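Working through the structure, step by step
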Amino acid sequence: MSNQSPNEEIAFLRQRVAELEKVLEHHHQLQQELEECKQAKAVLAKDLQNMEEQSSLFKMIIEETLDWVFVKDKNYRYLLVNQTVANSLGKTIEEMLGKDDVELGTSEEIVFGNPDKKIRGFRTDDQLVLSGETIHNPYDPAPAGDGSLYILDTRKIPLRNTKGEIFAMLGVSRDVTDRHRAEEELRESETQLRQRTLELEATLQKLQRTQSQLIQSEKMSSLGQLVAGVAHEINNPINFIFGNLIHANKYTQDLLKLLELYQINYPHPVNEIHEQVKLMELDFLQEDLPNLISSMTIGTERIQQIVDSLRTFSHLDQAELKPTNIHDGINSALMLLKHRFNNQPQISRIQVIKEYSDLPLIECFPGQLNQVFMNILINAIDALEGIGIQNSRLPISEPKIHISTHISNSDYITICIADNGLGMSAEIQQRVFDPFYTTKPVGKGTGLGLYISYQIINEQHNGSLKCISSPGKGAEFVIEIPIRQTQSKSSI
């Protein structure tokens, strides 16, 4: 440097100073960057600490929650499960990670579903979620470690990466087994309560019907006893009159014969006899007296027929089964109702057509069957008279009741009673055997006649009573009963 001039040395020094200044400036920048790095490091450390705390808190929440929390990948394998899931399934977390439900031993019904049991299945929901849907399954059965089933309320959502691609799914399930069982028990209790209520209502209705039937039966029994007593009391004097009429008729014929002989042999009686003959109109008396005796005989025979019908019908109080001629019962009911078949102010004379087959004696309760015949015949007459009905076709111009009987098979007989009235609608036909149901005005019917008839045929005689009708085509009641009640139960 000694060979350099002073100016050169000064320039050299200035250059060195400039370089030193740059070094100092760079050092200062390095110190500033170092400080920034320290600050950034502190921030990162703090953020890392916060993240660790948040992760620890999140992990603690997941582990402490009673809900099931799990994550599955796109192959349905578990990436994450909390302790609740593992404990509930009777496994460890390590045993579950990396495996799917089938590999963990879950039944195919739970995994793939069973529509008959309303089980959707894990796999069905997982597939929907991994395709982008969010699902809620309020009834999601899952196996328990002891072999029983949990009922879960499950929600599942898809998990996406930064590119928006689905890479896994998150599921959260709540155990609602107890609530579900409580709801099931409540539903069962409600069902049992409704059933019990229906049973009580049915029992009450049955008691009401039984009470009405007992009252009606007691009335009919009392009526049967009354009718039997009246028939007995009438029968004795009628038999006396009828028996004496036979002799009276003979005596009358003898006297008339004797009188005729007197007139032949003494054609010119004395004036006193002649005047008496004129006064008493002997010619008319001779002609009318036989007719008078004949009319009295016919009248007593008619009374005897009525008495016989009353006696037949009065079997209402008989409680034992006995072989019976069904036709006698029908005829007795017809005889007692004969006054209603004659011309009435509102209807022409009702024609009764009988087609009886040759039937054997039927084992039955004769009084009860007579009551059935009476009820059905009264119903037919009321229908023909149009009681309680307003219709332009009334009155029926040629009212008819058709009664037929036949053997339907070797064990049963069928009795059909039909009328050519206006018939009935399907609604009325469905209720015609209901207790207290009637279409008649107040005072014309109780609604018990056909109901009691149905009970007598179906329950007391192991048979059937049906009504066949349609509007405008009359109505037919078909009775079918076994010939022998002792065989009916085995043959029905």
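Everything discussed here concerns the structure shown above.
Note that the coordinates shown come from a computational prediction; the quantities given were computed from them, not determined experimentally. (Residues numbered from 1 in each chain as written. Predicted model: local features only at pLDDT ≥ 70, side-chain atom pairs only at ≥ 80, totals over all residues. Heavy atoms only, no water.)

Attention now moves to the environment of I353. In this structure, I353 sits in strand 7 (residues 351–355). Separated by 51 residues in sequence, I353 and S404 have C-alpha atoms that sit 8.3 Å apart. Filtering out sequence-adjacent residues up to four positions away, I353 remains in contact with K400, I401, H402 and I403. (Helix = DSSP H or I, 4+ residues; strand = E, 2+ residues; numbered from the N terminus. Contact = heavy atoms within 4.5 Å.)

This part is about helix 9 (residues 326–336). For helix 9, a buried count of eight out of eleven residues is recorded, marking the element as mostly surrounded by other parts of the structure. If you check which residues of helix 9 are buried, you get I326, H327, G329, I330, S332, A333, L334 and M335. (Buried < 20%, exposed > 50% of the residue type's maximum accessible area, 1.4 Å probe, protein only.)

The strand order 2-1-5-4-3 describes an open sheet built from five strands, whose pairing is antiparallel. Looking along the sheet, the strands with just one partner apiece sit at the ends: strand 2 (78–81) and strand 3 (135–143). Within the sheet, the average angular offset between the axes of one strand and its neighbour, ignoring direction, is 30°. In the sheet, strand 3 pairs with strand 4 (residues 149–160) via seven bridges, with the strands oriented antiparallel. (Pairing = 2+ DSSP bridges. Axes fitted to C-alpha atoms, helices over the stretch in contact; angles between N-to-C directions.)

This brings us to empty space enclosed by the protein. The tally for this structure, following the rule as stated, stands at one cavity of 30 Å³ or more. By volume, the largest cavity amounts to about 120 Å³. Surrounding the largest cavity, 16 residues form its lining, W68, F70, Y78, D101 and F122 being those nearest its centre. When residues of the lining of the largest cavity are traced back to their parent elements, those giving at least two are strand 1 (68–73), helix 2 (83–89), strand 3 and strand 4. (1 Å grid on protein atoms, 1.4 Å probe; cavity = no way out; pocket = protein on both sides within 12 Å on 5 of 7 lines; lining within 4 Å. Points joined across faces, edges and corners; volume = space filled by probe spheres on them.)

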